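# Commentary on secondary and tertiary structure
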Amino acid sequence: MRPIRLILSAFGPFAQREEIDFTRLPPDALFLIHGPTGAGKTSILDGICYALYGETSGSERSAKEMRSHHAADDALTEVEFEFGLGRRRYRVKRSPEQERAALRGKKDQRVRIPARAELQVWDGDGWKPLVSKATEVTQRLVALLGFEADQFRQVILLPQGQFRKLLAADSKEREQILETLFATETCKRLQERLKAAANALERQAEEAKARKKTLLEQAGVESEEALGARIEEATARRSLLAEEERRRRTEEANATAALAAAEALARQFEERDGARAALDGLSAAAAAIATRRRELDAASRAQFVRAAHANFEDAAAQRQRLAQQLAQAEGEVEATARQRESAESRLQEERARAPERERAIRELERLEGLREAVRTFDEARREAEKLSRSAEAAEAELARLQGESKTLTEQRARLQQAIEADTPLAGRVEALRRDLAQQERLIRSLQQLDQAKAALAAHRDEETKCRQALEAAQTGRDAARVRKEDLEARWRSGQAAVLALHLSEGAPCPVCGSLEHPAPATAGEAVPSEEELNAAAKALQQAESALESVRAKHQAVLGRIAGAESVVSTLEAGLPPDPPSLEQAKARLVDLERDLARALEATKRLDAAKAEFQACEQRLAALGPALEQTRSRTETFKIQAAAAAAQVRERSDRIPEPLRDVRTLEQAIDAVRKQADTLAARLKAAEEAHQQASTAHAAAGSKRQERAEALDAASVRLAQSHAVFLKALQEQGFADEAAFREAMRSPEEIAVLRTEIQSYDESVAAAKERLQRAENQVAGKTPPNLAALKAAQEEVRRAVEQLVAQQQSLEERIGQDRRTCEVLAAIGQELGEIESRYEVMGHLAGIANGDNGKKLTFQRFVLAALLDDVLRQASLRLRTMSRGRYSLQRREDVADARRASGLDLEVFDEYTGRSRPASTLSGGESFMAALSLALGLSDVVQAYAGGIQLDTLFIDEGFGSLDPESLDMAMKALSELRQKGRMVGIISHVDELKRQIDVGIEVIPGRSGSHVRVGAVG
């Protein structure tokens, strides 16, 4: 990173806008930041650190505290920092949360300005925004620079009083810094992957063992050998059952054959009984069949009479139809005679109205002569009415325009009053919106605080429960431990009694070797068994595991409480002093929303009133000419209307008053013409009706004569057909027509009767034959006992099924056990492969994750090699500064096996020939060592391809602790950086530095704030 421009506004001691242009310094400058004590030199570094991370260089000053006390109330505290990174330029702007005087409204009113941040990049044409939220800006800058804030303060910027931090950091802190600088996260991921792979193999092995144990438990055996023995036993049992099944199936076949023969005989007896019952049923229907035979005979004879009967009925129907037609023809003759007489009477009446027809024609000619006079009169009258209406319309328009002018004048006055009334309220819209947004942010903060407090209370309740559970778990663990120790003590005491039981006089004691046993031990309490001892040990182990689980949960809850308390403190710090309650804030928000709604409504009314006022002005301006034009047109129309009225009176005298209207005249002409036409049409219609009536009467007489002759012929045919019908009845044996009608059937009914009788005869013959055949089959035989035979066959069948079920059960158990054996064998093979792989992977993972004599992880090993390079470069400068006395080196031994090591530093003292901790150096020596370490780190990081760009170094104080010779050595080392193109900025009061450094940034204090000047040091 190379600084380009820094702008500080109302920041620290700088009340005004102060700009530091680093491009005015040489690109490889060693420059001095100088000025009196308290002028604000460190504030320049604070500004850089705040712009990048939102924190100050010392980290003990918060961003809110950096607002300048010299700044005006309405000035905004802001830092803008432009820097280069590689070939790209970036600009970050950041301002802390602050209060300042309101730009509008009351002068003593304060407004809260939230924290803001924005990161931009130069794309050649202008600044292009990247991110604009404070947290996102910080995250993006950390990704670009490769440093967190603490690492930046240890590598790039050595703050006042903190230059020893990198030197005195432990291995873990130094590992984080070096990991970021040298991008060794790949090594860390490798060791984590190795560990994950080893853990995965361990889990696979445990899972395989658990599967094996579960399979054996499910099989109900303790080992694979026991499972094999059970398979052999089941196989032998299955063979015995198969032999028994074969014997039983032979018995079942014999029983089934006997039952089938008996069932066949039983069916023969059933067939005989069925045939006999069928013949008896047919005999019972013989009488009904005889009746059906007689019915068929009568119907057959009636068929020979059917034709004569049909001819007789047709002749009778024809004579009746002709008689009806003759009566109808006689009625038509009488009706046409009456119609002819009526038409003759109407014709004579119409001929007598000839004078009336002549009068109608003369009146029509008179009215048509008045048509032209009435037309001209009507045109004059319509013109007079049109002019009169135009005059009235002009007068109405004149009155309307005069009324509109008066209304617009009154409306303009009202709109002027409304504009003056709404203008003040509408002007408050923007101020109310800002107040409303600020109030909404306050409410969100209060709501978040309430939620955080509720979460904290819940965590505390959970901690109370966890603490109680922890106490209960400790009590359970202690009880299990006492139980285990008691059983072990009783077991040890009991062993002496067990040995004493086997002592005999003259035989040596297996414990002390004595041949005499004056007081052998006796058993007191019952000696516990090995199972009881194992159960007690397992119970203690479970109790300790439960205790560790509860303790871990309790620690996790304590961590959440700490986090919740931090959140509550952060939220409370972001609230104003003496903040209102959430209800008060919401009530204030409602008031502001109501005021804003009123102001917005006033704005709408104001805009509408202004637009309406302008429209009124424009309309009034246009009304003047329209009024004059309307007055002139009204007078003209009145004169023209009077002249037209006189012409109408003159023409009306020549026309009868009822006929002065064209429509009335035309209606009169139409009425007279219609009357004349009607009279002529009625005469013509009477003549035509008389002619039609005479023709119809003559046709009706001719039709009556024809139908009388046809009726006579039909009567002769009826008498002949009746004689033939009576002869047919006599020949077929029917007494009369009624008997014939009763016997007559349709051809379909006759076919049904024949089929029914024939079917009956065939059924009787078949039933007799069936009965004879069935009696021949059972002759000399007795009915079988089917129930006994079925019971015997069912008993044998159940025995076979039971044997089959037993064999199937055994087969399933054998198959399941064999499959279990196969799975167990596969698990054994899998365990062997896992153990083989774990021998390699577990060993690599252990070494890579610090399970070695040096307690070094793989990443720390790589970082140690890189740190050795850094220390070699740092020692070159430190030996120069300390006149050959000190050099930095990495501590090789493991000081504390409980913590991370391998990156600890120590100094080698050439005067004593021994190494000692870096913390034993004096203040000046520590400064030289820290400076050397920072410079060596810069050299090595720059040397590695893809390393982080360390183009700039800032050092705040520390040179005052050096003697003149050491100071010269330090300046010589810093000067070497200039030759490598790096920029070094030093903050110091040492006068000697002013003589050795020719350019710098001077901070000049004043009563109204400090100012900066970039240029030569003088």
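Each value, and the rule that gives it
Residues numbered from 1 in each chain as written. Predicted model: local features only at pLDDT ≥ 70, side-chain atom pairs only at ≥ 80, totals over all residues. Heavy atoms only, no water. Helix = DSSP H or I, 4+ residues; strand = E, 2+ residues; numbered from the N terminus. Buried < 20%, exposed > 50% of the residue type's maximum accessible area, 1.4 Å probe, protein only. Contact = heavy atoms within 4.5 Å. Salt bridge = Lys/Arg side-chain N within 4 Å of Asp/Glu carboxyl O. UniProt positions renumbered as here; feature names shortened; annotations may be inferred. Expected span 1.5 Å × (residues − 1). Pairing = 2+ DSSP bridges. Axes fitted to C-alpha atoms, helices over the stretch in contact; angles between N-to-C directions. Parallel < 35°, antiparallel > 145°, perpendicular 65-115°, else oblique. Left-handed = near helix turned anticlockwise from the far one by under 90°. Nonpolar A, V, L, I, M, F, W, Y, C, P; charged D, E, K, R; others polar. Phe/Tyr/Trp six-rings, centres within 6.5 Å; stacked < 30°, edge-to-face > 60°. Lys NZ or Arg CZ within 6 Å of the ring centre and 35° of its normal. Core = buried A, V, L, I, M, F, W, Y, C linked by side-chain atoms within 4.5 Å. Patch = residues over 30% accessible without salt bridge, like charges linked within 9 Å, V, L, I, M, F, W, Y side chains within 5 Å. Areas by Shrake-Rupley, 256 points an atom, 1.4 Å probe, with all protein chains shown as cover.

## A few points about the overall build of the protein
- Scanning the protein from terminus to terminus reveals 21 helices and 17 strands.
- The buried share among the 1018 residues of the protein stands at 36%.
- Relative to all contacts within the protein whose residues are 6 or more apart in sequence, the contacts with residues 24 or more apart total 76%.

## Concerning the pattern of salt bridges
- Tallied over the full model, the rule gives 41 salt bridges.
- Measuring nitrogen to oxygen at the nearest pair gives 2.1 Å for the salt bridge that ties Arg 797 to Glu 801. Taken together, the residues Arg 797 and Glu 801, both in helix α17 (residues 786–848) and four residues apart, mark about one turn of the helix.
- The partner of Glu 1002 in a salt bridge is Arg 1013, with the nearest N and O atoms 2.5 Å apart. With Glu 1002 in strand β16 (residues 999–1004) and Arg 1013 in strand β17 (residues 1011–1016), the pair connects residues that are eleven residues apart, well separated along the chain.
- With relative accessibility at 23%, the residue Glu 1002 sits in the partly exposed group.
- When salt bridges with common partners are traced through the structure, they connect Arg 5, Arg 17, Glu 19, Asp 21, Glu 82 and Arg 89 into a single cluster.

## So, the UniProt feature "coiled-coil region" (unreviewed entry) in the protein
- Per the UniProt entry, the sites bearing "coiled-coil region" (unreviewed entry) are residues 187–218, 582–619, 662–696 and 750–813 in this numbering.
- Here residues 187–218 runs as 100% helix and 0% strand, with 46 Å between its end C-alpha atoms.
- For residues 662–696, the helix share is 100%, the strand share is 0%, and the end-to-end C-alpha distance is 50 Å.

## Thoughts on helix α1 (residues 41–53)
- A rise of 1.5 Å per residue sets the reference length of α1, with its 13 residues, at 18 Å; its end C-alpha atoms lie 19 Å apart and thus fit the reference within 8%.
- Along α1, 13 of the 13 residues are buried, which leaves the element largely enclosed by surrounding structure.
- In the segment just after α1, Gly 54 is the residue with positive phi, at about 75°.

## A word on the sheet that holds strand β8 (residues 116–122)
- The strand order across the open sheet built from six strands is β2-β1-β4-β5-β8-β9, with neighbouring strands paired in antiparallel fashion. A strand with exactly one partner marks an edge of an open sheet, and here the two such strands are β2 (14–21) and β9 (127–131). When the angles between neighbouring strand axes are averaged without regard to direction, this sheet yields 20°.
- In this structure, β8 lies alongside β9, joined through four bridges in antiparallel fashion. Its bridge partner lying in β9, Trp 122 is registered against Trp 127.
- Packed onto the sheet, α1 meets β1 (2–11), β2, β4 (78–85) and β5 (88–95) and runs at close to 100° relative to β1.

## Concerning the side chain of Gln 439
- Relative to the assigned elements, Gln 439 resides in helix α11 (residues 429–501).
- A relative accessible area of 11% places Gln 439 in the buried class.
- Setting aside its immediate chain neighbours within four residues, Gln 439 contacts Ala 585, Arg 588, Leu 589 and Leu 592.

## Focus on the packing of helix α6 (residues 185–219) against α17
- Interhelical geometry of α6 versus α17 gives an angle of 155° and a closest axis separation of 8 Å. Here α6 is positioned roughly antiparallel relative to α17, judged by the angle of their axes. Considering only the axes of α6 and α17, their crossing is left-handed.
- Residues that form the contact of α6 with α17 fall into these classes: 18 nonpolar, four polar and seven charged.

## Concerning unusual backbone geometry
- With a phi close to 50°, Ala 10 is a non-glycine residue in the positive phi region.
- Take Ala 10: it is sitting in strand β1.
- Judged by relative accessible area, Ala 10 falls into the buried class, the value being 1%.

## Re the packing of aromatic side chains
- Throughout the structure, instances matching the rule amount to six aromatic pairs.
- Pairing Phe 31 with Phe 954 gives two aromatic rings, centres 6.3 Å apart and planes at 75°, and the pair type is edge-to-face. Separated by 923 residues along the polypeptide, Phe 31 in strand β3 (residues 30–34) and Phe 954 in strand β14 (residues 952–956) bring together distant segments of the chain. An identical accessibility class is assigned to Phe 31 and Phe 954; each is buried.
- Among the aromatic residues, those joined into a ring-pair cluster are Phe 22, Phe 31 and Phe 954.
- When the ring centre of Trp 122 is taken as reference, the NZ or CZ atom of Arg 89 above it lies at 5.1 Å.
- Over the face of the ring belonging to Tyr 50 we find Arg 94, whose NZ or CZ atom lies 6.0 Å from the ring centre.

## Focus on helix α18 (residues 858–881)
- With 24 residues, α18 should reach 34 Å at 1.5 Å per residue; the first-to-last C-alpha distance of 34 Å fits that figure.
- Looking one or two places after α18, you find Arg 883, whose phi comes out positive at around 60°.

## Considering the nonpolar core
- Formed by 48 residues in total, the largest nonpolar core has its most connected members in Phe 31, Leu 52 and Phe 83.
- When residues in this core are grouped by element, the largest group, eight residues, is from α1.
- Leaving out residues up to four positions away in the same chain, Phe 83 has contacts with Met 1, Arg 2, Pro 3, Ile 4, Leu 52, Arg 88, Arg 89, Tyr 90, Val 92, Leu 141 and Leu 145.
- Of all hydrophobic cores here, the second largest spans 43 residues; its members include Leu 905, Val 940, Leu 953 and Ala 973.

## What about the environment of Leu 575?
- With respect to the secondary-structure elements, Leu 575 resides in the loop between α12 (530–573) and α13 (582–652).
- A relative accessible area of 9% places Leu 575 in the buried class.
- Taking the C-alpha atoms as reference points, Leu 575 and Leu 442, 133 residues apart in sequence, are found 7.5 Å from one another.
- Leaving out residues up to four positions away in the same chain, Leu 575 has contacts with Arg 112, Leu 442, Ser 445, Leu 446 and Leu 449.

## Regarding the environment of Arg 673
- Structurally, the position occupied by Arg 673 is in helix α14 (residues 662–731).
- The sequence separation of Arg 673 and Glu 365 amounts to 308 residues, and the corresponding C-alpha distance is 9.6 Å.
- Among residues more than four places away in sequence, those in contact with Arg 673 are Leu 364 and Glu 368.

## Let's talk about the side chain of Thr 820
- Within the secondary structure, Thr 820 sits in helix α17.
- The contact partners of Thr 820, leaving out residues within four places of it in the chain, are Leu 215 and Leu 227.

## A short note on the packing of helix α7 (residues 224–284) against α17
- Relative to each other, α7 and α17 sit at 160°, their axes nearing to 7 Å. Overall, the two elements α7 and α17 adopt an arrangement that is roughly antiparallel. The handedness of the crossing between α7 and α17 comes out as left-handed.
- Class assignment of the residues belonging to the contact of α7 with α17 gives a composition of 21 nonpolar, six polar and 16 charged.

## Some words on a nonpolar patch on the surface
- A cluster of nonpolar residues, Leu 190, Phe 858 and Phe 861, forms a patch on the protein surface that exposes about 280 Å² of accessible area.
- Considering the arrangement of structural elements, one finds Phe 858 in helix α18.
- Phe 858 sits in the partly exposed class, given a relative accessible area of 30%.

## Re the pairing of β1
- Among the ten residues in β1, eight count as buried, and that is most of the element.
- Here β1 runs beside β2; their pairing, made up of six bridges, is antiparallel. In the sheet register, Phe 11 faces β2, and the bridge partner there is Phe 14.
- Connecting β1 to the next strand, β2, in antiparallel fashion are two residues, including Gly 12 with a positive phi near 60°.

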